[in-house]
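A look at the structure
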Amino acid sequence: MADYMSTGNTEHINFIMRQKTKKLKTRIQYLDANEKYLGEVSGYCTGGNIDISNSDMVRRSLSMEFVANSKLEINQKSPFWINKRLKILTGVEDYKNNTYWFNQGIYVPVQPETSVSLSGRTISLAAEDKMSLADNPVLMATKLNLDTPIYEAVKNLGVLYGEKKFLTSIVKNSADCMKLPYDYEMAAGDSIQDAIKEITNLYMGFETFYNLNGYLVFDKMLNRYNDIVLWDFSGRNDFTISRSISADYNQVFNDFMVYGYYDDKAGTQPKYQITIGGNKYPSLKNHPFSVENMGRTHSMVIEEDKYTDVLQCQTRANYELQQAENLINNFSITTAPVYSINDVNRVIKVSDNGNSYLCQIDSVSYPLDINSPMTIGCHEIFEPREGLL
C-alpha cells in the first residue's frame, strides 16, 4: 500500500480510471497565506463539485460536503479560517490498495462566516481560486506607466494584493512583449481584478489566470492542435454517458474590421481589417468560411476606444478570426469521472457517429462524491493555417 502523486496519464492511470469499482478519497491540505504547509484534513466527500471555466477570471470554484476523520471547529486555528489557503487532492485506489492522487488546485475559503458550517463532523465548504483575492479595491490612486510590458503590469497588480508567485513565457522585448500604450491610472476604490482583465485585454490573444499550483500566470493563448492528448474518449476509455454537438452559425465570420479611438484633434483613428481569403490571404480561398465560398455577408465590426494604436486593432482582429475558426463544432459531454482531467485548455479526443474530433476543453465540472457524473464542454480545434495566428 503506497501513495503516488499523479503527474500525467499513464497506462496504469488509464487502467485505474477503467475500474468498475473505485474507492475515492479526498485530502485537504491547509496552508498559510504564504502557502507554507501547515497540516491536513482527511476524510471523504458526500457531495460537491469543482467547476472550471476558461472564460471566467476566477477559473476554479469549489463546493464541498466533507466528512472529516477528526472533529473540527471554526476559529482562528481552524484549517478553514479566512487567512488560510486550501490545496485539494482527490485520490483513487487501485486493486493493490495503492492510492493515486490528483492535484485539483489551491483555493481560498469564500465568506467563511457564512459558507463554512459544521454539523457534527460534516463540513460545508465553498472556495474559489486565488483570483478571488484580486476582487479588492486599491487603497490609493495608482499609476502604471506608459511602455510598461503588459506582463510586468499584471505582476505589479498582483503585488497589490500580496501575490508573490508569477509565471510567464513572455521574454522582454520579444515580438509577444506587448506594452502599455498609455499611462494606466486607477483611482482609490477601483477593482484590482477589473484592472487585470482590462490590461490583459488591451492586446487580445493573451490570458491571465491562476494555475493548479497557485501561480498567477500571464501568457499568450496558443493553438493546442499539437499538444499531447490528455484523454481519448474512444474504445475502452470511452466512459461517455451522453454527448451533444452543436454549431452556432451566428458566430461564423470571415471579414473583420476593428476601429480604435478616434482622436478629434488629430483627425486620426487606428484600424485594422483581416479577411479569410481575398487578396491578402489567397492561400485561404479554399477555406470553408472564405469570402470566395461565402461572400462578404458575415462581417464583424468592432469599435473600442481603449485601442490607441494599430497593433491593438490587429491583435483583436486576429483573435476574433481565430475564435471564428475554432468555434465550428462545440461538444457537451457527460461521462464517468476522469480525475486526471483537472484543467481547461487541455486536449482530448471525442468520438461521435464514427468520427473522431480533436477538441480543446473550455469547461469542466466534476463531482467530489463517488456517485455523480462529470461534464465537459469543449470545441473542435484545427491545425494552424497561414494567416490564422
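The text that follows walks through the structure, step by step, so that each part is easy to find. (Residues numbered from 1 in each chain as written. Predicted model: local features only at pLDDT ≥ 70, side-chain atom pairs only at ≥ 80, totals over all residues. Heavy atoms only, no water.)

**Remarks on the overall build of the protein**
Tallying secondary structure elements over the protein gives six helices and 22 strands in all. A globule of 389 residues ought to have a C-alpha radius of gyration of about 21 Å, and the protein, at 23 Å, matches this closely. Overall, the C-alpha framework of the protein stretches about 70 × 60 × 35 Å when taken along its three principal axes. A total of 389 residues make up the protein; the buried ones form 51% of that total. Summed over its atoms, the accessible surface of the protein is roughly 19,000 Å², and 47% of this surface lies on carbon and sulfur atoms. (Helix = DSSP H or I, 4+ residues; strand = E, 2+ residues; numbered from the N terminus. Rg over C-alpha atoms; globule rule 2.2 N^0.38 Å. Buried < 20%, exposed > 50% of the residue type's maximum accessible area, 1.4 Å probe, protein only. Areas by Shrake-Rupley, 256 points an atom, 1.4 Å probe, with all protein chains shown as cover.)

**As for the nonpolar core**
Leu62, Met64, Ile341 and Ile348 are the most contacted members of the largest nonpolar core, which totals 45 residues. The element best represented in this core is strand β21 (residues 355–367), accounting for five residues. Residues Leu144, Ala153, Ala195 and Leu202 belong to the second largest nonpolar core, which totals 28 residues. (Core = buried A, V, L, I, M, F, W, Y, C linked by side-chain atoms within 4.5 Å.)

**A few points about the sheet that holds strand β12 (residues 206–210)**
The strand order across the open sheet built from three strands is β10-β13-β12, with neighbouring strands paired in mixed fashion. If you trace the sheet from one side to the other, it starts and ends with β10 (166–167) and β12, each paired once. Note that β12 and strand β13 (residues 216–220) share five bridges and pair antiparallel. By the bridge assignment for β13, Glu207 is matched with Asp219. (Pairing = 2+ DSSP bridges.)

**A closer look at the environment of Phe15**
Tracing the backbone through its elements, the reader meets Phe15 in helix α1 (residues 11–18). On the basis of relative accessible area, Phe15 is assigned to the partly exposed category, the value being 36%. Residues Phe15 and Asn237, 222 residues apart in the sequence, show an inter-C-alpha distance of 8.9 Å.

**Considerations on the layout of surface pockets**
In this structure, the largest pocket encloses a volume near 700 Å³. Every residue lining the largest pocket is counted, 26 residues in all, and those nearest its centre are Asn54, Ser55, Glu207, Met221 and Tyr319. Those elements that provide at least two residues to the lining of the largest pocket are α4 (192–200), β12, α6 (310–326) and β21. Residue composition of the lining of the largest pocket, grouped by class: eight nonpolar, twelve polar and six charged. Each pocket or cavity is described by its volume, and for the second largest pocket that value is around 460 Å³. Along the wall of the second largest pocket there are 22 residues; nearest its centre are Phe209, Arg224, Asp343, Val344 and Arg346. At the level of elements, β12 and β13 are the ones that each hand at least two residues to the lining of the second largest pocket. (1 Å grid on protein atoms, 1.4 Å probe; cavity = no way out; pocket = protein on both sides within 12 Å on 5 of 7 lines; lining within 4 Å. Points joined across faces, edges and corners; volume = space filled by probe spheres on them. Nonpolar A, V, L, I, M, F, W, Y, C, P; charged D, E, K, R; others polar.)

**Considerations on the sheet that holds strand β18 (residues 299–303)**
Strand order in the open sheet formed by three strands is β17-β16-β18, and the pairing between neighbours is mixed. Edge positions in the sheet fall to β17 (271–275) and β18, since each has one partner strand and no second. Neighbour-to-neighbour, the strand axes of the sheet open up by a mean angle of 10°, direction not taken into account. When strand β16 (residues 255–259) meets β18, the two strands line up parallel, connected through five bridges. The residue bridging Tyr259 from the neighbouring strand is Glu303, located in β18. (Axes fitted to C-alpha atoms, helices over the stretch in contact; angles between N-to-C directions.)

**Concerning the packing of aromatic side chains**
Any pair of aromatic rings gets described here by the distance separating the centres and the angle formed by the planes. Overall, the coordinates contain five aromatic pairs when judged by the stated rule. Among the aromatic side chains, those forming a connected cluster through ring pairs are Trp231, Phe233 and Phe239. Its guanidinium or amino end placed over the ring of Phe209, Arg59 lies 4.0 Å from that ring's centre, counting from NZ or CZ. Directly above the ring of Tyr215 sits Lys165, whose terminal nitrogen or CZ lies 4.6 Å from the centroid. (Phe/Tyr/Trp six-rings, centres within 6.5 Å; stacked < 30°, edge-to-face > 60°. Lys NZ or Arg CZ within 6 Å of the ring centre and 35° of its normal.)

**Concerning α4**
Among all positions of α4, only Ile192, Gln193, Ala195, Ile196, Ile199 and Thr200 are buried. Taken down its axis, α4 places every buried residue within 160° of arc, on the same side. Its side-chain oxygen at 3.3 Å from the backbone nitrogen of Gln193, Ser191 defines the N-terminal cap of α4. (Arc of directions from axis to C-beta. Polar contact = N/O pair within 3.5 Å; in protein donor to acceptor, adjacent residues only side chain to side chain.)

**Re helix α3 (residues 150–160)**
Restricting attention to buried positions, one finds in α3 the residues Ile150, Tyr151, Ala153, Val154, Leu157 and Gly158. On an axial view of α3, the arc spanned by its buried residues comes to 160°, and they lie on one face. Following α3 by one or two positions, Gly162 has its phi on the positive side, about 95°.

**Things to note about the pattern of salt bridges**
A complete count under the given rule lists twelve salt bridges for this structure. Across the pair Glu40 and Arg27 runs a salt bridge whose closest N-O atoms are separated by 2.7 Å. Of this pair, Glu40 sits in strand β3 (residues 37–53) while Arg27 sits in strand β2 (residues 24–31); the two residues are 13 residues apart in sequence, bridging distant segments of the chain. You can call Glu40 partly exposed: its relative accessible area is 34%. (Salt bridge = Lys/Arg side-chain N within 4 Å of Asp/Glu carboxyl O.)

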